[in-house]
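Each chain is listed here by its residues.
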Amino acid sequence: MGGLSWGGTSLPCHSLVKRKEDSWPAAPLLSEPGWSPGVLAPSPICLSHVHSFHKGGVPRGFWGPTEGPRALDRPVGPAQDSRFAVIQLPAMASNMPMEQPLCLVGNDTSGDLTVNPAALEILRGITQPVVVVTIAGLYRTGKSYLMNQLAGKRTGFSLGSTVQSHTKGIWMWCLPHPCRSDHVLVLLDTEGLGDVEKGNTKNDCWIFALAVLLSSLLVYNSKGIIDQYAMEQLYFVSELTDHIKVKAQEGDGEGDDTEFVRFFPGFIWAVRDFTLQLIIDGQPVTEDQYLENALALKPGSGKRVMEYNLPRQCLRSFFPTRKCFIFVQPVPSKDISQLELLPESSLDPQFLAQTHCFCNYVFQEAKAKTIKGGHCVNGRMFSSLVQNYVKTIRSGQVPCIDNAVIALAAIENEVAIKAALAHYKAEMRELQLPVELEELLEAHGKCEEGALKLFMERSFKDSEQQYQQQLMVGIAEQYGNILAQNEDVSKETCLALLEELSAPMKKNLSDGVYSRPGGYGVYKADLSQVVESYRGKPNKGVQAEEVLDQFLTKTQPEAAAVLKADTKLTEAEKHIADEKQKAEVLEQQRKAAEEKRMQTEQLMKDQERSYQENLKQLEAKMKDEAERARKEAAQALECKLKEQEAMLHKGFTKQAKLMQEEIESLKKEMKSTDVTGLLSGIFTTIGEGLRAINSLTSLTRSRRMAQPKSTSKHK
């Protein structure tokens, strides 16, 4: 949506204009008579997409993604009508020009999976966390319709109206999240499983594996009821152990399935065209209870029992949450082919209500996509995951969560270094050189702290701190250059100032003013005035005393010549004056040396500060990552305990006991997240980084000091 003009007043994008006395219409009421256009929104405060709306021909404003109305901004309207007010809505991602879905993963001419570069480009432009909702299921079961509802659109993902599968591969639609302004909703519609025209289940297995690997929430769509036939069609779940690995090390594939619950998405079973009553043993049940009853295990150990239990046990064990939604048939069978063209008034009200509940649950409960370690994934990171998994599948190997995270960390940590260094450089460029060392050190400290904070926020899995050390070395190089530039500019400034102040003395020398009797006294008075004026000038920088020392040393020969030529002074007076002159030069040399000593001392103190800052932020980072790992383990433990309790309740004592080892392992892991012991191991790494800073700073300064000084610009 572009900018909005209201009563001659230009409003920013994502503003909302409403009459102050108007209440927020309930979701479906926007389609009531008088309101146009109608839009089905999930709730009064969790609205789908941006729509202008009118009533009685008068524009009333815009609905947009928001967590609820923000504070009223200012009255606006014709003549600044106070009956109206502007509400500023959160800015949405401007880099998602996706009016229609786009193929993300397809098949090349040889049938191998391939990634669409155009889709990756869109993902790379998304900096917000992504909530990835994927739908999978048998072909021709109406998956695309549900995804269009989540998108708030009547059309988008192709529905088709024949017995042929329409969606091929995985299609993507990136949209502003309707309830979280700082997140992006990524909808993935997958190719229908079991398409008879393909005659190849291998592609189906990989599509389903990708759906699981990429999702925050996985929706499995089926028709009719959840019976044994429906379970048999879900054999892809029981084959996930052959298509997904958790651990990278060879030989660790054994028992990977016990960790699936930690990294798999939430699971929704959407049952379409449901015609039965939700009654079990004469008692009404909820949709979730219906699902749990369908997933109940049979006692026994025979082959048929194991085949019966396998898909059920996988669903129970692999996914951290499970939910069920049932949908009645939306229209008579003869109208199904025209579903996307029919007005909502033609659809079964019960179906609309069920769809509303489904969308609202997804919007409220689907979490941001995370990777192992609990780190949120943004669009750029998501694009890397897609590429990694597809590349692995194309190579004939099994996608590995560990490997994908390691590869992603390498990319993202390099990006974090570049961003942190760019931040440091940009902030330090605000300095107007020359500056005193105290000011430079203060700026360096703030900029280094900001750069480290930015790096820590964006980096992950830097277990040996190699990327942090690279950042420290990069900051050291820039810092050393700025120190050298500051010295250069200070020296040029001081030399120019002394040149200006001593110009009258040079003229007096050439005019012979100091060659007359008493000329030495005049010369000393003029020189003292130059020194006094020089010292009185501010903003000379770190080379002030050293340059003055060099200047006074340079004047010694001419001072000696003026003293010798002064016939007014006796030899004894000349001797005293000469000794005084030498003492003044020595005093200035002492001041210059003291200035250097103090600067060196300040630099050493700053190195200690840098050490402590790196250590402080690293400790905070490690504690944060340990807490993420603890929460990850706690969520898995909660799922395992819940499942164990269910097993015991149903009399499956043996299965419950087998789960105890996994439960004890998770409890032990949660207790081992203390970082105190780990910190001692990083002192050496940080120390090495600081030594690199010291040597780089010294080396850079020495090199710059040896070069001709031709510029004073702070680059």
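Summarised in this report is the structure supplied together with it. This structure is a prediction, so every number in the text was calculated from the model and none was measured.

**Some points on the sheet that holds strand β12 (residues 170–176)**
Strand order in the open sheet made by the eight strands is β10-β9-β12-β13-β11-β14-β15-β18, with mixed pairing throughout. Every other strand in the sheet has two partners, leaving β10 (113–115) and β18 (322–326) as the edge strands with one partner each. Along the sheet, successive strands turn relative to each other by an average axial angle of 20°, direction set aside. Here strand β9 (residues 102–107) pairs with β10 via three bridges, running antiparallel. Residue pairing across strands places glycine 106 opposite threonine 114, the latter belonging to β10.

**Some words on the pairing of β9**
Inspection of the sheet shows β9 paired to β12 by three bridges, in the antiparallel sense. Pairing of cysteine 103 across the sheet is with tryptophan 171, part of β12. A loop of five residues connects β9 with β10, the two strands running antiparallel in sequence, and glycine 111 in this loop sits at a positive phi of about 90°.

**Overview of the pattern of salt bridges**
The final tally for this structure, using the stated rule, is 30 salt bridges. Ionic pairing is found between lysine 223 and aspartate 273, a salt bridge with its closest N-O pair at 3.8 Å. Of this pair, lysine 223 sits in strand β14 (residues 217–223) while aspartate 273 sits in the loop between β15 (266–272) and β16 (279–280), and the two are 50 residues apart along the sequence. We classify lysine 223 as partly exposed; its relative accessible area is 45%. The salt bridge partner of arginine 597 is glutamate 594, with a shortest N-O separation of 2.7 Å. One end of the pair, arginine 597, and the other, glutamate 594, are both in helix α18 (residues 571–649), three residues apart, so they sit about a helical turn from each other. A relative accessible area of 29% means that glutamate 594 is categorised as partly exposed. One network of salt bridges, in which partners are shared, links Glu292, Arg316, Arg322 and Glu643.

**A closer look at the packing of aromatic side chains**
Per the stated rule, a full pass over the model turns up 18 aromatic pairs. Ring geometry for phenylalanine 267 versus phenylalanine 319: centroids 5.0 Å apart, planes at 40°, classification tilted. Linking phenylalanine 267 in strand β15 with phenylalanine 319 in the loop between α9 (303–318) and β18, this pair joins segments that are 52 residues apart in sequence. Relative accessible area serves as the criterion here: at 2%, phenylalanine 267 is assigned to the buried category. In textbook terms, an aromatic cluster arises when at least three aromatic residues are bridged by ring pairs, as seen for Tyr220, Phe260, Phe264, Phe267, Trp269, Phe318 and Phe319.

Criteria and thresholds
- Residues numbered from 1 in each chain as written.
- Predicted model: local features only at pLDDT ≥ 70, side-chain atom pairs only at ≥ 80, totals over all residues.
- Heavy atoms only, no water.
- Pairing = 2+ DSSP bridges.
- Helix = DSSP H or I, 4+ residues; strand = E, 2+ residues; numbered from the N terminus.
- Axes fitted to C-alpha atoms, helices over the stretch in contact; angles between N-to-C directions.
- Salt bridge = Lys/Arg side-chain N within 4 Å of Asp/Glu carboxyl O.
- Buried < 20%, exposed > 50% of the residue type's maximum accessible area, 1.4 Å probe, protein only.
- Phe/Tyr/Trp six-rings, centres within 6.5 Å; stacked < 30°, edge-to-face > 60°.

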